[in-house]
Amino acid sequence: MSTLLTNLGELMTQDSEQRVLRNAAVVIDGERIAWLGAAADAPAADDSYDAQGRALLPGWVDSHTHLIFAGDRTAEFEARMAGEQYSAGGIAVTTGATRGTGDYDLTRLALGRVAEAVSQGTTYLETKTGYGLDVEQEARSARIASTVADEVTYLGAHLVPAGMDADEYTELVCGAMLEAVRPYAQWADVFCERGAFTEEQSRRVLQACRAAGLGLRVHGNQLGPGAGVRLAVEFGAASVDHVNYLSDEDVEALAASWSGWDGGAGADSRGTVATCLPACDLSTRQPLAPARRLLDAGVPVALASNCNPGTSYTSSMAYCVTTAVLQMGLSVHEAVRAATYGGALALGRESGNDADGERAVGSIAVGHRADLHLLNAPSATHLAYRPGMPLTHAVWRAGVRAR
Ligand SMILES: N=CN[C@@H](CCC(=O)O)C(=O)O
Ligand SMILES: [Zn+2]
């Protein structure tokens, strides 16, 4: 079954040539993009959809969320808005509520959050464990995550649970917990920060998870300068996330990690993406991550929602894009790129492999997954020009109309 989307006022492809086409059309065939070009040259299809001059973008790729949780932290948020500092300790509150919630309800809550994200244009989404913090609960979170998200990250190293010795807990994260979670996860992450895991403990987690065959990601440099970026680059992590407090050496190390990359799929030459989480920065009153400085230094940047109940209770990628343009110095094209192609790069999904049916996400090109976001606006510029407006008009996820 093929569908022709025609009369697109703007088609922002975020493809390898970063083309933006006017008066364009796209053909979806099954789950893939079969054709794109000038509307006047479009081939026939089984069905057609008149976009009436609206703008089409790739669906958002949200490469950093924490959706497997119960409970709410309104009181902590209120205290923060009254001047309290954010600290990692709040994670324990969510862990208590999550542990006390059954599988059915935890799954239902997570599915509701995914549905909210998709209804706002997110078509590919990662989520993490990290509110279980014992072997059984982390395995349960990973299992549930694998049923609701496209990619699952093991974050047993989120917080040392109360009453446990930090080194003993780190060994558990690297041993029995890793083994229990492994069947459900593609990635592992560690919160390398004051109040969470030290450099040495983080190193131990990254070593063990790499040995278990997981791809690596790091929560780093969120609350102050630290070892997160350095470790992420040293271990060849796919991304380091937060990156609020960066030294010149951190930025140089991130840029250098991409020096051998030719833009192709070769895993060996890939570097570490810097993932900025502006909704989190605003909700915790941290300085906004230096996305402009990173891009100027040649570091690929992703934007993600970091949807979680503590630091960023939103899955709105449009809000992140708007903030990146209005407050972080990115152009609309750069911000949309970071929230689509950048997220895909951070998840190793920017290029596909036709042989095994794994399709690229985060850009609009022939053969890529048909993940599309039609705005109720003539151009992507409206995302920044009309901040906070509900601009999502239609969404296709793997070729299926999702909104
Ligand atoms: N920084 C660590 N983890 C989450 C917040 C977790 C929480 O406070 O519940 C984050 O990415 O911001
Ligand atoms: Zn996070």
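Residues numbered from 1 in each chain as written. Chains lettered and ligands numbered in written order. Predicted model: local features only at pLDDT ≥ 70, side-chain atom pairs only at ≥ 80, totals over all residues. Heavy atoms only, no water.

A. Local environment of the overall build of the protein chain. From N to C terminus, the protein chain includes 15 helices and 16 strands. Taken along its principal axes, the extent of the C-alpha atoms in the protein chain is 65 × 50 × 45 Å. Considering only contacts within the protein chain whose residues lie at least 6 apart along the sequence, 72% involve residues at least 24 apart. A total accessible area of about 14900 Å² is found for the protein chain, and carbon and sulfur atoms account for 50% of it. The centroid of the 31 positive side-chain charges in the protein chain is displaced by 4 Å from the centroid of its 48 negative side-chain charges. (Helix = DSSP H or I, 4+ residues; strand = E, 2+ residues; numbered from the N terminus. Contact = heavy atoms within 4.5 Å. Areas by Shrake-Rupley, 256 points an atom, 1.4 Å probe, with all protein chains shown as cover. Lys, Arg positive; Asp, Glu negative; His and termini not counted. Charge placed at Lys NZ, Arg CZ, Asp CG, Glu CD.)

B. Just the coordination of the zinc ion (ligand 2), in detail. The protein atoms that coordinate the zinc ion (ligand 2) are His64 (NE2), His66 (NE2), His219 (NE2) and Asn306 (OD1), at distances spanning 1.9 to 2.7 Å. Donor residues for the zinc ion (ligand 2), ordered by position in the chain, follow H-x1-H-x152-H-x86-N. Highlighted residues: histidine 66 in the loop between strand S6 (60-62) and helix H1 (74-81) and asparagine 306 in the loop between strand S13 (301-303) and helix H12 (317-328), separated in sequence by 240 residues. The class for asparagine 306 is buried, based on a relative accessible area of 1%. (Donors = N, O, S within 2.8 Å, 3.2 Å for Na, K, Ca; no water. Buried < 20%, exposed > 50% of the residue type's maximum accessible area, 1.4 Å probe, protein only.)

C. Looking closely at the packing of aromatic side chains. Under the criterion given, the structure shown has 5 aromatic pairs. Centroid distance tyrosine 49 to tryptophan 396: 5.3 Å. Interplanar angle 90°. Geometry classified as edge-to-face. Residue tyrosine 49 is found in strand S4 (residues 47-50), and its partner tryptophan 396 is found in strand S15 (residues 392-397); the two are separated by 347 residues along the sequence. Across the pair, exposure class does not vary: tyrosine 49 and tryptophan 396 are buried alike. With a centroid separation of 5.7 Å and 70° between ring planes, the pair formed by phenylalanine 69 and tyrosine 313 is classed as edge-to-face. Placement of phenylalanine 69 in the loop between S6 and H1 and of tyrosine 313 in the loop between S13 and H12 is noted, with a sequence separation of 244 residues between them. Here phenylalanine 69 falls in the buried class, since its relative accessible area comes to 0%. Aromatic rings pair up to connect Phe69, Tyr131 and Tyr313 into one cluster. The positively charged end of arginine 217 is found above the aromatic ring belonging to tryptophan 187, 4.5 Å away from the centroid. The ring of tryptophan 396 is capped by arginine 401, whose NZ or CZ atom sits 5.2 Å from the centre of that ring. (Phe/Tyr/Trp six-rings, centres within 6.5 Å; stacked < 30°, edge-to-face > 60°. Lys NZ or Arg CZ within 6 Å of the ring centre and 35° of its normal.)

D. The pattern of salt bridges, seen in detail. Under the criterion given, the structure shown has 22 salt bridges. The shortest N-O distance in the salt bridge between glutamate 31 and arginine 359 comes to 2.7 Å. Placement of the pair is glutamate 31 in the loop between strand S2 (20-29) and strand S3 (32-38) and arginine 359 in the loop between helix H14 (341-346) and strand S14 (372-375), with a sequence separation of 328 residues. According to the relative accessible area criterion, glutamate 31 is partly exposed, its value standing at 36%. Judged by its relative accessible area of 13%, arginine 359 falls in the buried class. Among the salt bridges present, the one from arginine 140 reaches aspartate 103, with a minimum N-O distance of 2.8 Å. You can see arginine 140 sitting in helix H4 (residues 135-148) and its partner aspartate 103 sitting in helix H3 (residues 103-119), a full 37 residues away along the chain. Residue class for arginine 140 comes out buried when judged on its relative accessible area of 10%. Salt bridges sharing partners connect three or more residues here, namely Glu199, Glu200, Arg203, Arg230 and Glu234. (Salt bridge = Lys/Arg side-chain N within 4 Å of Asp/Glu carboxyl O.)

The quantities given are spatial measurements derived from coordinates; they are silent on function.
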